[in-house]
Every structure is written in structure tokens, then in C-alpha cells.
Amino acid sequence: MSDRRNRVGGGVFVLRSLFFDRAGTGGGFGSISARMTGVRLASVLSASFETFFPCLCLHCGEPVGGDRVGLCDTCWTTVIPHEGQPCPRCGGPSAGDPPLCLSCQSSPPPQSGTILWGEYDGALRSAILALKKRGHDPISTHLARRLSARIAAEGWTETVDTVTHVPSHRFRTVRLGWSAAACLAHDVARELGVPAQRMLRRRGLARQTGRTRAQRMGMSRHSFSCRRPLDGRHVLIIDDVATTGTTLRRVAEVLLLAGSETVYCAAMAATPDARRVT
């Protein structure tokens, strides 16, 4: 359903191309009046397409009005951050006093701070899946604004000088042509006003998808490598979804071994789990 807007946009482009060349001047018709007729006709047909083939919400399937992207107004209102006081080190649940959770008190992760914005469920899950599986880039901008606002509330934000992302497997990137985490990292970096750089490579062919919790937590840090020495950088790692938090730990370890002074992590969503995220 969501591909319908792409087809509509393509149809309008073709109609406009009947009247305009690449330079924006009239094509075969040649006259100003003919070009204006082309503009009016394209506008009318565009409105007609929107009326008869509206873009549908990726979550509930209802028509999306106006210039809304991906989700309808009702579903966007349900995209909310986690409630409560999270552990500032791993992002998991915490009683708040002391602020660190029991796990981080005994075995803290290598990163200095972690943000897990929302729960990977409902409309947020639908939006992330659309970005991951179908390449809905505009959704990345809307999600990144929410994540960036949460990051900006942290005291360490001003120290961050580089944003990077958890890399996808090479074959997946080639097959799909995009990376959801890379899209989010680019948009978050723009919102924060710092550069986004590709710093990590993913090794091997093993994927976390479909693995049990125990298998995920057994991931080796050798699954990743750093592209260059970091020499005291303060890096923010962005990922789309965190399940056990192991991937974030491993990439943080790699960046610190490469010379980064501090590493922070942020994921748009965390999978629901009655047990805490470790």
C-alpha cells in the first residue's frame, strides 16, 4: 500500500515531463500558455491521484492526510518514548536510587551512556520496519527528530564530536541499497550539528535476527572492526533497534580500542522484554 505514493509521484513526474524539459522550459508545445496549461493539468491530475489513491498509514491502514509521512496523525500520537527513569549507563530499567541498575553496578558496559528511546511495538515498530525493509527515508527524519531531542537532554551531548551507526551486513546493504541505522545516524547528526561518519565494518556472515537471547549475548567484538584510528574522539553510535544491547556493547568496545575517548549509544527502539536490557 505504501508504495502507492511512489507510483503516484512517478505518474505526476511523467505528466509534467510532457510539458517541460530538464531545464524547466517548454517542450514540444513551446508557448508560455501551453506550459501554463501543462502546470495546471499536472496539478489537477496530482490532486485527483491523491483523492482516488491516497497514501495509507503504515500502521492502521487509514488514509494519511495532507503532507503527513508514513503514519496518520492518530498513530503518530502513539509514538512515545519510554516512561520512567532508565539506567543512564545501559538504558535499561532502573529504580533511580542509585541511578545505575544492578547489572551496571556489578558489570557496566563499555559505553558511558545509552538511550533507548521507545518500545519496539505498535506504530513505532511499523515505522521502523518501513524504514528497514522498504526504504521510507522520510520517516527517518521524523524519528530522528524525536531521538535527537532526547539525546540533547543529556549532559554529555555537547562533548559528542562524531556520530556513527551500527553497520549492516554487506550483503544486506547491497541487496536493499540502504541501511536504516545509517539513515537515522545521518539525520540525528544533522539535528545535533555534528558530522556523521562511517567508522565501523561488520565482519562475517552471522546475523542477530532469529537468534535466541543467549546466542545474541554471545556475539564477539571481532564481529566488528574500526576503519581508522580515532585519537580521542567522543563518538555517538546510532542503531535502529536494540534487543539485548550486546551489539551496542561490542561496537563501543571496538571504538574504544581504536582510540575513542568516550562512546555513547542511542537506539530508536528496544524490544519488549520482561527481563532488563543488558
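Note that the structure is predicted; figures quoted are calculated from it, not measured.

A. Seen up close, the overall build of the protein. Scanning the protein from N- to C-terminus turns up ten helices and six strands. Split into buried and exposed, the 278 residues of the protein put 45% on the buried side. When contacts within the protein are restricted to residue pairs at least 6 apart in sequence, long-range pairs at least 24 apart make up 73% of them. Carbon and sulfur atoms make up 54% of the accessible area of the protein, which totals about 14,400 Å².

B. Representation of the sheet that holds strand β6 (residues 262-270) in the model. One open sheet holds the four strands; their spatial order is β1-β6-β5-β2, and the pairing between them is parallel. Since the sheet does not close on itself, it has two edges, and those belong to β1 (113-119) and β2 (162-165), each with one partner. Across this sheet, the average inter-strand angle for adjacent strands is 20 degrees, counted without regard to direction. Sheet analysis places strand β5 (residues 234-242) next to β6, joined by eight bridges and oriented parallel. The partner of His-234 across the bridge, within β6, is Thr-262. Across the face of the sheet, helix α10 (residues 246-257) comes into contact with β1, β2, β5 and β6 while running at roughly 160 degrees to β5.

C. Focus on the nonpolar core. By size, the foremost hydrophobic cluster in this structure holds 40 residues, and its most contacted members are Leu-71, Leu-143, Leu-147, Ile-151, Leu-236 and Ile-238. The set of elements that each furnish at least two residues to this core consists of α3 (73-76), β1, α5 (122-134), α6 (137-152), α8 (180-192), β5 and β6. Once residues lying within four places of it in the same chain are set aside, the contact partners of Leu-236 are Ile-151, Trp-156, Val-160, Thr-162, Val-163, Thr-164, Val-188, Leu-192, Tyr-264, Cys-265 and Ala-266. In this structure, Leu-200, Cys-226, Ala-242 and Cys-265 belong to the second largest nonpolar core, which totals 19 residues.

D. Structural view of the packing of α5 against α6. For the pair α5 and α6, interaxial distance at closest approach is 8 Å and the crossing angle is 135 degrees. On the basis of their axis angle, the class for α5 and α6 is oblique. Here α5 runs over α6; the crossing is left-handed. Where α5 abuts α6, its residues Leu-124, Ala-127, Ile-128, Ala-130 and Leu-131 lie against Asp-137, Ile-139, Ser-140 and Leu-143.

E. Representation of the pattern of salt bridges in the model. Applying the stated rule across the entire model yields five salt bridges. A salt bridge links Arg-145 to Glu-191; the nearest nitrogen and oxygen atoms lie 3.8 Å apart. You can see Arg-145 sitting in helix α6 and its partner Glu-191 sitting in helix α8, a full 46 residues away along the chain. Judged by relative accessible area, which is 46%, Arg-145 ranks as partly exposed.

F. View of unusual backbone geometry. Even without being a glycine, Asp-231 presents a positive backbone phi close to 50 degrees. Position of Asp-231 among the secondary structure elements: in the loop between β4 (224-226) and β5.

G. Structural detail: the environment of Thr-114. In this structure, Thr-114 sits in strand β1. Sequence-distant contacts of Thr-114, defined by excluding residues within four places in its chain, comprise Cys-87, Pro-88, Arg-89, Cys-90, Gly-91, Leu-248 and Cys-265. Within the structure, Thr-114 has its side chain in polar contact with the side chain of Gln-111 (distance 3.0 Å).

Parameters and conventions
- Residues numbered from 1 in each chain as written.
- Predicted model: local features only at pLDDT ≥ 70, side-chain atom pairs only at ≥ 80, totals over all residues.
- Heavy atoms only, no water.
- Helix = DSSP H or I, 4+ residues; strand = E, 2+ residues; numbered from the N terminus.
- Buried < 20%, exposed > 50% of the residue type's maximum accessible area, 1.4 Å probe, protein only.
- Contact = heavy atoms within 4.5 Å.
- Areas by Shrake-Rupley, 256 points an atom, 1.4 Å probe, with all protein chains shown as cover.
- Pairing = 2+ DSSP bridges.
- Axes fitted to C-alpha atoms, helices over the stretch in contact; angles between N-to-C directions.
- Core = buried A, V, L, I, M, F, W, Y, C linked by side-chain atoms within 4.5 Å.
- Parallel < 35°, antiparallel > 145°, perpendicular 65-115°, else oblique.
- Left-handed = near helix turned anticlockwise from the far one by under 90°.
- Salt bridge = Lys/Arg side-chain N within 4 Å of Asp/Glu carboxyl O.
- Polar contact = N/O pair within 3.5 Å; in protein donor to acceptor, adjacent residues only side chain to side chain.

So, to be careful, I would describe these as geometric facts and stop short of saying anything about function.
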